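# Chains, contacts and geometry: an overview
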Amino acid sequence: MTVDFAKRRRAALRQLRRRKLDYLVVTHGANWYYLTGFTGESGALVLGNMGTTLLTDGRFTTQAREETHGIKIETQHGPLYKALGEYLKRINAGATGFDAAALTVADWKTLRTAAGAKWRGVEAGGIVERLRMTKDSGELAVMRRAAVLVGEVFESVLKLIKPGVRENEISAEIEYQMRKGGASGPSFETIVASGPRSALPHARPTAKRLRKNELVVLDLGVILGHYCSDMTRTVYLGRASQRVRGWYRAVQDARQAGVAAVKAGVTCGDVDAAARTVLKKHGLETWFVHSTGHGLGLEVHEEPRVARDQATRLAPGYVITIEPGVYVEGVGGIRIEDDVAVRTGGSEVLTRVKRDLIEI
């Protein structure tokens, strides 16, 4: 994918001008990658009308020069936030936006002291994150491939899901297959949770062995070309009871209602309500303990939130997850999750693996 990083920086500058800010300090890795292409682990980006400067330490300066174009690279000397403050003081920076959520109190104190009494820092979190919410055609193409790959990985490991196999053996094979398929890695720690543990929405895989007649939740995602996918499927070892089948059908219906509600102009709260209402009709709402979904992109969890009372309106280019679930303590859990792109006049489900109950 060819990315016009300069175009993205111009869009960020327009947001700065609207807020009457002279500079923006970017200290979150996904945001500086979005604006420059730099993939290093440490740094601070200063964006302004006079140009863009990336401060990073000697471990990453060569990498920064190779990965970026049209920006200045400065090697920091000493602690990052002290060097950043000194740089802002040196250029006599005026009103400078920063993301308070990305700074510790200690970092802020160091930055403020080094920048000097004349420097004016203004809390301006979310500028880059809001730009990232809308994916262009190139980004969507990459995310489509990431969604296909995660489905292929899931289907490749189904043969391993049987009584006696450990949860962490399955998760290890999943992450191996991801890299074998071209991913740079998982977009989060793969979840494989069986039996009563499947009622834990964010369970980590353990040495527990799978047993007959229990639910197994598999939540997995890949990073491909810097972009994430996120998919969950639930299987049953054996023949599911009528009660479990009823729960599964309810989650299926809730997932379908959530996907059907995804349209440009609809609020995230309305999408959440569409899925939640279905589970309420089945008497299962109290067992749905998390939000219906979240934004997806360079990070596996990003804006917008698809949750109760969220007023953000969906727009073409947004990519979100729809992932209703039911979690019954002591019994198990069921979750079905897909990645959905908002398109003009509707939506596109990116993840393609079937959603029927798989009994093994």
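Our subject is the structure that appears above.
## With respect to the overall build of the protein chain
Of the regular secondary structure elements, the protein chain holds ten helices and 20 strands. Since a compact globule built from 360 residues should have a radius of gyration of about 21 Å, the 23 Å found for the protein chain is in line with a globular shape. With respect to the principal axes defined by its C-alpha atoms, the protein chain has extents near 70 × 40 × 35 Å. The buried share of the protein chain, reckoned over its 360 residues, is 55%.

## So, the pattern of salt bridges
Counting across every chain of the model gives 21 salt bridges. Arg 204 is paired through a salt bridge with Glu 189; the nearest N and O atoms lie 3.4 Å apart. Placement of the pair is Arg 204 in the loop between β8 (191–194) and β9 (214–220) and Glu 189 in the loop between β7 (185–186) and β8, with a sequence separation of 15 residues. For Glu 189, a relative accessible area of 45% corresponds to the partly exposed category. Taken together, the shared-partner salt bridges connect Arg 132, Lys 135, Glu 299 and Glu 302 into one network.

## Here's the deal with the packing of helix α7 (residues 137–157) against helix α8 (residues 167–180)
Two quantities define a packed helix pair, namely the angle between the helix axes and the distance between the axes. For the pair α7 and α8, the least separation of the axes is 9 Å and the interaxial angle reads 135 degrees. With respect to each other, α7 and α8 are oriented oblique. The two elements α7 and α8 meet at a crossing, and its hand is right-handed. Between α7 and α8, the contacting residues are Leu 149, Val 153, Ser 156 and Val 157 on the first element and Glu 173, Ile 174, Gln 177 and Met 178 on the second.

## Overview of the nonpolar core
Judged by nonpolar contacts, the single largest core of 39 residues is most densely connected at Leu 24, Val 26, Leu 35, Leu 45, Leu 54 and Val 319. Listing elements by their share of this core, those giving two or more residues are α1 (5–18), β1 (23–26), α2 (29–36), β2 (44–48), α6 (127–133), α7 and β11 (227–228). Look past the residues within four positions of Val 26 in its chain and what remains in contact with it is Asn 31, Trp 32, Leu 35, Ala 44, Leu 45 and Val 128. Val 153, Val 192, Leu 210 and Val 353 belong to the second largest nonpolar core, which has 24 residues in total.

## Here's the deal with the packing of aromatic side chains
Tallied over the entire structure, the rule returns six aromatic pairs. Ring centres of Phe 5 and Tyr 33 lie 5.8 Å apart, and the angle between their planes is 80 degrees; this geometry places the pair in the edge-to-face category. Note that Phe 5 is positioned in helix α1 and Tyr 33 in helix α2, a separation of 28 residues in sequence. Between Trp 247 and Trp 287, the ring centres sit 5.7 Å apart and the planes meet at 80 degrees, which makes this aromatic pair edge-to-face. Taken together, the positions of Trp 247 in helix α9 (residues 242–261) and Trp 287 in the loop between α10 (268–281) and β13 (293–295) put the pair 40 residues apart, joining distant regions of the chain. Looking at Trp 287, the relative accessible area reads 31%, which means it is partly exposed. Between Arg 8 and the ring centre of Tyr 34, over which it is positioned, the NZ or CZ distance is 4.1 Å.

## Some thoughts on the sheet that holds strand β20 (residues 358–359)
Judged by pairing direction, the sheet is mixed, and its four strands sit side by side in the order β8-β9-β12-β20 without closing on themselves. Strands at the two margins of the open sheet, each flanked by one partner only, are β8 and β20. The sheet contact formed by β8 and β9 spans four bridges and is antiparallel. Residue Ile 191 lies in a different strand from β9, and its bridge partner there is Asp 219.

## Examining unusual backbone geometry
That bond from Glu 303 to Pro 304 is cis: its omega, 5 degrees, falls within 30 degrees of zero. Structurally, Pro 304 can be placed in strand β14 (residues 302–306). Although it is not a glycine, Lys 20 adopts a positive phi angle of roughly 60 degrees. Turning to its location among the elements, Lys 20 is positioned in the loop between α1 and β1. Unusually for a residue other than glycine, Asp 309 sits at a positive phi of about 65 degrees. Summarising the element assignment, Asp 309 is placed in the loop between β14 and β15 (319–322). By relative accessible area, Asp 309 is classed as exposed at 73%.

What counts, and at which threshold
Residues numbered from 1 in each chain as written. Predicted model: local features only at pLDDT ≥ 70, side-chain atom pairs only at ≥ 80, totals over all residues. Heavy atoms only, no water. Helix = DSSP H or I, 4+ residues; strand = E, 2+ residues; numbered from the N terminus. Rg over C-alpha atoms; globule rule 2.2 N^0.38 Å. Buried < 20%, exposed > 50% of the residue type's maximum accessible area, 1.4 Å probe, protein only. Salt bridge = Lys/Arg side-chain N within 4 Å of Asp/Glu carboxyl O. Axes fitted to C-alpha atoms, helices over the stretch in contact; angles between N-to-C directions. Parallel < 35°, antiparallel > 145°, perpendicular 65-115°, else oblique. Left-handed = near helix turned anticlockwise from the far one by under 90°. Contact = heavy atoms within 4.5 Å. Core = buried A, V, L, I, M, F, W, Y, C linked by side-chain atoms within 4.5 Å. Phe/Tyr/Trp six-rings, centres within 6.5 Å; stacked < 30°, edge-to-face > 60°. Lys NZ or Arg CZ within 6 Å of the ring centre and 35° of its normal. Pairing = 2+ DSSP bridges.

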